[in-house]
Amino acid sequence: MSEIDALLREDRSFEPSAEFRAGAHVTDPEVYARAEKDPEAFWEAFARELDWTAPWTRVLDWKPPHAQWFVDGKINASANCLDRHIGTWRRNKAAFIWEGEPGDRRTLTYFDLYRQVCQFANVLKDLGVGKGDRVALYMPLVPELAIAMLACARIGAVHSVVFGGFSAESLRDRINDAQARLLVTADGGYRRGAIVPLKKMADEALAETPSIEHVVVVRRGYADIPVHMKEGRDRWYHELMDGAPITCPAEPMDAEDMLYILYTSGTTGKPKGIVHTTGGYLVGVYATTKWVFDLRDDDVFWCTADIGWVTGHSYVVYGPLTNGATVVMYEGAPDWPEKDRFWQIVERYGVTILYTAPTAIRAFMRWGTQWPAKRDLSSLRLLGSVGEPINPEAWVWYHLNVGGSRCPVVDTWWQTETGCILITPLPGITRTKPGSATQPFPGITAQVLSEKGVPVQVGGGLLALTRPWPAMLRGIYGDPERYVTQYWSRWSPDVYFTGDGAKLDEDGYYWLLGRVDDVLNVAGHRIGTMEVESALVDHPKVAESAVVGRPHQIKGHALCAFVTVKEGVHLSEGLADELKAHVAHKIGAIARPDDIIFAADLPKTRSGKIMRRLLRDIAEGKALGDTTTLADPSVVARLRDQYQDEA
Ligand code: WT7
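For every chain, the first residue of its written sequence is number 1, and the numbers climb from 1 along that sequence. This being a predicted model, a pLDDT of at least 70 is required before a residue's local features are given, and a value of 80 or more before pairs of side-chain atoms are given or counted; all residues contribute to the totals for chains, interfaces and linings. The side-chain quantities take in all heavy atoms of the structure and omit both hydrogens and water.

Time to look at the packing of helix α8 (residues 143-155) against helix α13 (residues 310-322). Note on geometry: axes are lines fitted to C-alpha atoms, helical ones only across the stretch in contact, with angles between N-to-C directions running from 0 to 180 degrees. Comment: elements are numbered from the N terminus, with helices defined as DSSP H or I runs of at least four residues and strands as E runs of at least two. Viewed as axis vectors pointing N to C, α8 and α13 meet at an angle of 60°, and their least axial separation amounts to 11 Å. Compared by their axis directions, α8 and α13 come out oblique. Relative to α13, the crossing made by α8 is right-handed. Where α8 approaches α13, its residues Ala146, Met149, Leu150 and Ala153 are matched on the opposing element by His313, Val317, Tyr318 and Leu321. Split by residue class, the contact of α8 with α13 holds seven nonpolar, one polar and no charged. When describing relative orientation, an angle under 35 degrees is termed roughly parallel and one over 145 degrees roughly antiparallel, while 65 to 115 degrees is termed roughly perpendicular and anything else oblique. A clockwise turn of the near helix away from the far one marks a right-handed crossing, whereas an anticlockwise turn of less than a right angle marks a left-handed crossing. We call two residues contacting when some pair of their heavy atoms lies within 4.5 Å. Three residue categories are used. Nonpolar comprises Ala, Val, Leu, Ile, Met, Phe, Trp, Tyr, Cys and Pro, charged comprises Asp, Glu, Lys and Arg, and polar comprises the others, including Gly.

This is how it looks when you write it as structure tokens:
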């Protein structure tokens, strides 16, 4: 536990500056007490700031573990992102300022976005997509991805965005799980100067997706790559949009109608389709964007996440657009063509709020202060962090070298399942401590519980949420039982188990300690160990595998795979590379193991359970002085014997 103790010895703290506080939306700590007293009224006040076509009759109907928010209310997400603003002075305000990796740029105003969303909504209707139908989106980070999401929302179709870095097989499985009728993809996208051939990968997936009737292909300007268009199935986006009517009524959706499905990794080999509905989700992302980022009309908001993850759904699309914000979108890598690309973008567009991940911050640290120092970052007034625990050194580096010591840093904890930020500072109120996400957002109740469910006052335990919140997931697509067992069965049906460990300090601050289940967080991406293990044993030479995480300076964790091979297979460096490539091909590059360790057998307890603790210690180099001895596959077995003797 030394890591945790070191974290808790962190005693630096930062008050919001008088200057920041003077202009902030929320400065009265009373908001916490008021929300605590009547959380439903607290959320209802935010709901009233949105546009509804029919009012709700009750704020919350809670039959644990099933919640309905804003019961009977009718609302459309696309109308709240667009129509709500085009009747105001925001009509010609920039909604998206987009920059492609090769340097191409586009700006879409709210009015532009509205028209294009309406047009694409009409295209979808023409292709037979209707309310409740699922539409899969497999795209680079281009405005058309947001347009397609909002077009789905406009007509009541359910989008399922699949991150463009996932493999053909991952795409296929997600399409089939959701039974999507239509796929929107692109010829390709850019990553570090190379073109990711999305349509080609989609074609591979489409060979085994019988539910797909139509494919719409966006031509990504520069991507000069051959694309095969299948007659009768595949259509070009620009051809369909040409001449499509520029208005389309927004379908009044029930507050509890599904808005989207987003797949995320869990403790089994199969990703879960997290279901979010319309009303509560919008209220959650609207409220948190406004308060956590202290959003104002003259802000330029840049959340660097890809839209393929929940962070992009909530804080590139739905949260900022419901607030009428100007959003920066950048397609590519932070070190392309140079390591100051992010700072160049901040300078070029006068970004005022930057929201990024600790893994990126740690990479910036390694690259050195000369890169941010080269650019004018004085427009920044607030910094955010998300995705994994941020180590205090990275927090302080970010504060100093990016925020020029004047910007509050909000470390925001949440999950795909929670829909919006739940544990976070409020920048005009909270005294921050580097490494702590501080306190639950008003209206949210969290607890640190022991294994047995006893609340911990000061100390470590498991993070639980003890009251429903509007943006919470409503289920796992097609698997109602797993929803209950996965999240609401650890202690009691009204207590949500996050899967995270946490520690509470004397001031009631939360320190997130990472996953306690078989989920790893690698460079801010959630990866199920079982998924990687399944991909490995799918290789003809592999007999068995166990995957664990080991601490990594930049990525937080690295993936370390222990592998036993089948009889007669010759071990070599070449085989390790082959296995890594195999996993990348099966799942996507984000799941490529960093290490492959061959073992004669996997260390198991007498009852046959894999000794993951030992494997983690080996991966970290704790159980071994010298990792090179691992070239001998019998080493792991000898360590097991030693471990068992000591235990
Ligand atoms: C897991 C959720 C929700 C945004 C992106 C990730 C970890 C997220 C923090 C933070 C410590 C964090 C948790 C969580 N996590 N934010 N600020 N401090 N840990 O979404 O892929 O659903 O992953 O990310 O372990 O359970 P996700």
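We now examine the pattern of salt bridges. Side-chain pairs of opposite charge can arise whenever the charged atoms involved come near each other. When a carboxyl oxygen of Asp or Glu lies within 4 Å of a side-chain nitrogen of Lys or Arg, that pair is called a salt bridge. Enumeration according to the criterion identifies 52 salt bridges in this entry. Note that aspartate 234 and arginine 233 form a salt bridge whose closest N and O atoms lie 2.5 Å from each other. Exposure remark for aspartate 234: the relative accessible area of 7% places this residue in the buried category. What emerges from the salt-bridge pattern is a single network uniting Glu169, Arg172, Asp173, Glu208, Asp538 and Lys586. Per-residue accessibility, obtained with a 1.4 Å probe over protein chains only, is compared with the maximum for each type, and a residue is labelled buried under 20%, exposed over 50%, and partly exposed between these values.

We now examine the sheet that holds strand β28 (residues 542-552). Two strands qualify as a pair provided that DSSP identifies no fewer than 2 bridges between them. Read from one edge to the other, the open sheet built from three strands follows the order β28-β29-β30, with strand pairing classed as mixed. Only two strands of the sheet have a single neighbouring strand rather than two, namely β28 and β30 (595-598). Here the average twist between neighbouring strands, direction ignored, is 25°. By the bridge criterion, four bridges tie strand β29 (residues 556-565) to β30 in an arrangement that is parallel. Its bridge partner being in β30, cysteine 560 is matched across the sheet by aspartate 595. Taken strand by strand, helix α21 (residues 612-620) contacts β28 and β29, and its axis lies near 60° from that of β28.

The subject of this paragraph is the side chain of glutamine 486. Along the chain, glutamine 486 falls in helix α18 (residues 480-487). Dropping the residues within four chain positions of it, glutamine 486 is found in contact with Thr267, Lys272 and Phe497.

The next subject is the environment of leucine 602. Checked against the element boundaries, leucine 602 lands in the loop between β30 and α21. By relative accessible area, which is 3% here, leucine 602 ends up buried. Counting along the chain gives 488 residues from leucine 602 to tyrosine 114, while the straight-line C-alpha distance between them is 56 Å. Residues in contact with leucine 602, not counting those within four places in the same chain, are Glu544, Ser545, Ala546, Phe562, Thr564, Ile610 and Arg640.

On to helix α4 (residues 39-47). Within the span of α4, buried status applies to Pro39, Phe42, Trp43, Glu44, Phe46 and Ala47. Buried residues along α4 sit in contact with α3 (30-37), β1 (58-63), β2 (66-71) and α12 (279-292).

Bringing the side chain of glutamate 533 into the picture now. With respect to the secondary-structure elements, glutamate 533 resides in helix α19 (residues 529-537). Judged by relative accessible area, which is 9%, glutamate 533 ranks as buried. In this structure the side chain of glutamate 533 is engaged in a polar contact, spanning 2.8 Å, whose partner is the backbone nitrogen of valine 547. Apart from residues lying up to four places away in sequence, glutamate 533 is in contact with Ser545, Ala546, Val547 and Arg612. Counted as a polar contact is a pair of N or O atoms within 3.5 Å, where, for protein atoms, one must be capable of donating a hydrogen and the other of accepting one, and residues adjacent in sequence contribute only when both atoms are in side chains.

A few words on the site of the ligand. Near residues are defined by distance, with any heavy atom within 4 Å of the molecule or strand qualifying the residue. Around the ligand, a shell composed of 17 residues is seen, among which Asp411, Thr412, Thr416, Asp500 and Arg526 lie nearest. In the model, an oxygen atom of the ligand is placed 2.7 Å from a nitrogen or oxygen of the aspartate 500 side chain. For the ligand, the accessible surface in isolation is 550 Å², of which the surrounding protein chains cover 95%. Elements that contribute at least two residues to the shell around the ligand include exactly α13, β20 (409-412) and β25 (510-515). Looking at the shell around the ligand, its residues break down into six nonpolar, six polar and five charged. Using a 1.4 Å probe, the Shrake-Rupley method yields the accessible areas, and only the shown protein chains count as cover for residues.

Strand order across the open sheet formed by eight strands is β12-β11-β8-β6-β7-β14-β15-β23, with mixed pairing between neighbours. Of all the strands in the sheet, just β12 (234-236) and β23 (475-476) have a single pairing partner and so form its edges.

A few words now on the environment of phenylalanine 562. Mapping phenylalanine 562 onto the fold places it in strand β29. Sequence-wise, phenylalanine 562 and proline 603 are 41 residues apart; in three dimensions their C-alpha atoms are separated by 9.9 Å.

Looking now at unusual backbone geometry. Residue proline 65 is reached from proline 64 by a cis peptide bond, and omega for that bond is 0°. In this structure, proline 337 follows tryptophan 336 across a cis peptide bond, with omega equal to -5°. When you line up the elements, proline 337 lands in the loop between β17 (326-330) and α14 (341-349). In the Ramachandran plot, serine 405 falls in the positive-phi region, its phi being about 65° despite a non-glycine side chain. On the secondary structure map, serine 405 appears in the loop between α17 (392-402) and β20.

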